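Descriptive structure summary
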Amino acid sequence: MITLGEYIIKNQAEYPSASGELSSLLSSIRRAAKVVNREINRAGLVTDIIGGSAGSENIQGEAQQKLDVFANDVFKAALEARGEVCGIASEEEDYFVGFADERQSNAKYIVLMDPLDGSSNIDVNVSVGTIFSIYRRVSQPGEPVSMEDFLQPGVNQVAAGYVVYGSSTMLVYTTGNGVHGFTYDSTLGSFCLSHENIRIPEMGNIYSINEGNYIRFPEGVKQYLKFCQEKDDASNRPYTSRYIGSLVSDFHRNMLKGGIYIYPSGTNSPNGKLRLLYECNPLAFMAEQAGGKATDGFRRIMEIKPTELHQRTPYFIGSSKMVDKACALMTEFSAE
Ligand code: P6P
């Protein structure tokens, strides 16, 4: 059994040109994930401290759960504590946060994160997740970080990953050399390699979407749902609908079993709900590294040039052939 720390060191040895800073950065994330995992597991017991609403709202106008704020502070502190990161952006922060310390100002990486996605599920004991995305800064070392450091297309990512706090807690990441999953063993206090080189099946029979929004879906999405629900034994249809309401959990299941997750645009949300920079790009990097695809219905997600920190995008991600089919229908039925 190899731990995440040992795996990072082993991989580091295979890339002598790397300075080890990314390895150290990943170790900071690993440590923060353990702290957040411990508090999530207690949320039902200490609702006055950790569970429930924080009584505040994030920039999206969404009620912040106390654990949202706690997770944001834990990951931010872990990333600031070492010298690899010069700044972060987060769903829970209105603006990006530059680390002013002399050490950090020369650091080469920036991190974007959703510290606790799906947190409204905590009170009902449904899985939640952390999503992170790592880039090299584009501003000069020693200079303060700038918005251009954060508004990079997803193709510039050097690493990405998620933690899924589910029936077991897993940390899954890529540095561009495949996708690897580690399961937390609380008796050891370590994440242990459990899923090396995850490959997402090119075809699956699970679709994940909130069908309650059906009347607001674009015609192409309606046509795709019709395709999923038609009976066709040769193509294993009708497919199965699975929607947890927690992106990381739906994505993780589809990564292992095959499937597609869709959060499309709707009449009252022209760009959908999910955020490009710290939800869609990191998972898109992982999906592509595992042989899958991620688009906005028309364009590869990772090629979108961001213009705003918290911008949203319609999202189609999962098994390559399922994403292709959904996007073909989006094109066929897109309003002229
Ligand atoms: P809806 C959680 O708020 C989240 O960002 C994702 O984790 C999840 O897939 C989606 O929103 C659920 O949104 O509108 O279906 O409740």
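Residues numbered from 1 in each chain as written. Predicted model: local features only at pLDDT ≥ 70, side-chain atom pairs only at ≥ 80, totals over all residues. Heavy atoms only, no water.

As a structural note, the neighbourhood of the ligand is formed by D117, G118, N210, Y243, G245, S246, L247, Y261, Y263, K273 and L274. With respect to the ligand, the backbone of L247 contributes an N or O atom lying 2.7 Å from an oxygen atom. For the ligand, an oxygen atom lies 2.7 Å from a polar atom in the side chain of Y261. When the free accessible area of the ligand is taken as 400 Å², the share hidden by the protein chains comes to 81%. When its residues are assigned to classes, the shell around the ligand shows five nonpolar, four polar and two charged. (Near = heavy atom within 4 Å. Polar contact = N/O pair within 3.5 Å; in protein donor to acceptor, adjacent residues only side chain to side chain. Areas by Shrake-Rupley, 256 points an atom, 1.4 Å probe, with all protein chains shown as cover. Nonpolar A, V, L, I, M, F, W, Y, C, P; charged D, E, K, R; others polar.)

Our next topic: the pattern of salt bridges. Counting across every chain of the model gives 16 salt bridges. Here E39 and R38 are joined by a salt bridge, their closest N and O atoms 3.2 Å apart. Each of K226, E230, D232 and R237 takes part in salt bridges that share partners, so that together they form one network. (Salt bridge = Lys/Arg side-chain N within 4 Å of Asp/Glu carboxyl O.)

Our focus in this paragraph is the UniProt feature "binding site: Mg(2+) 1" (unreviewed entry) in the protein. Here the UniProt-annotated "binding site: Mg(2+) 1" (unreviewed entry) positions come out as E91, D114 and L116. The greatest C-alpha distance among the annotated residues, which extend across 26 residues, is 8.9 Å, indicating that they converge on a single site. Position of E91 relative to the elements: it lies in the loop between strand 3 (85-90) and strand 4 (97-98). Note on E91: relative accessible area 4%, which makes it buried. Position of D114 among the secondary structure elements: in strand 5 (residues 109-117). Judged by its relative accessible area of 0%, D114 falls in the buried class. In contact with D114, not counting residues within four places along its chain, are E91, G129, T130, I131, Y278 and E279. (UniProt positions renumbered as here; feature names shortened; annotations may be inferred. Helix = DSSP H or I, 4+ residues; strand = E, 2+ residues; numbered from the N terminus. Buried < 20%, exposed > 50% of the residue type's maximum accessible area, 1.4 Å probe, protein only. Contact = heavy atoms within 4.5 Å.)

This part covers the sheet that holds strand 3. As summarised here, the arrangement of the eight strands in space is 4-3-5-6-7-8-9-10, forming an open sheet in which the pairing is mixed. The sheet is open, and its two edges are formed by strand 4 and strand 10 (190-195), each paired on a single side. As paired elements, strand 3 and strand 5 share five bridges and run parallel to each other. Bridge assignment links V85 to a residue of strand 5, and that residue is Y109. In this fold helix 7 (residues 247-257) packs onto strand 5, strand 6 (128-136), strand 7 (159-165), strand 8 (169-174), strand 9 (179-185) and strand 10, with an angle of close to 105 degrees to the strand it touches most, strand 7. On the sheet, helix 8 (residues 276-289) packs against strand 3, strand 5, strand 6, strand 7, strand 8 and strand 9 and is oriented at approximately 80 degrees with respect to strand 6. (Pairing = 2+ DSSP bridges. Axes fitted to C-alpha atoms, helices over the stretch in contact; angles between N-to-C directions.)

Take the packing of helix 6 (residues 219-229) against helix 9 (residues 320-332) next. Helix-helix packing is characterised by the crossing angle of the two axes and by the distance between the axes. Running from N to C, helix 6 and helix 9 cross one another at 135 degrees; their axes reach a closest spacing of 7 Å. As the angle between them shows, helix 6 and helix 9 are arranged oblique. Relative to helix 9, helix 6 is oriented so that their crossing is right-handed. Of helix 9, the residues touching helix 6 (which contributes G220, V221, Q223, Y224 and F227) are M322, K325, A326, L329 and M330. Looking at the contact of helix 6 with helix 9 residue by residue, the classes come out as seven nonpolar, two polar and one charged. (Parallel < 35°, antiparallel > 145°, perpendicular 65-115°, else oblique. Left-handed = near helix turned anticlockwise from the far one by under 90°.)

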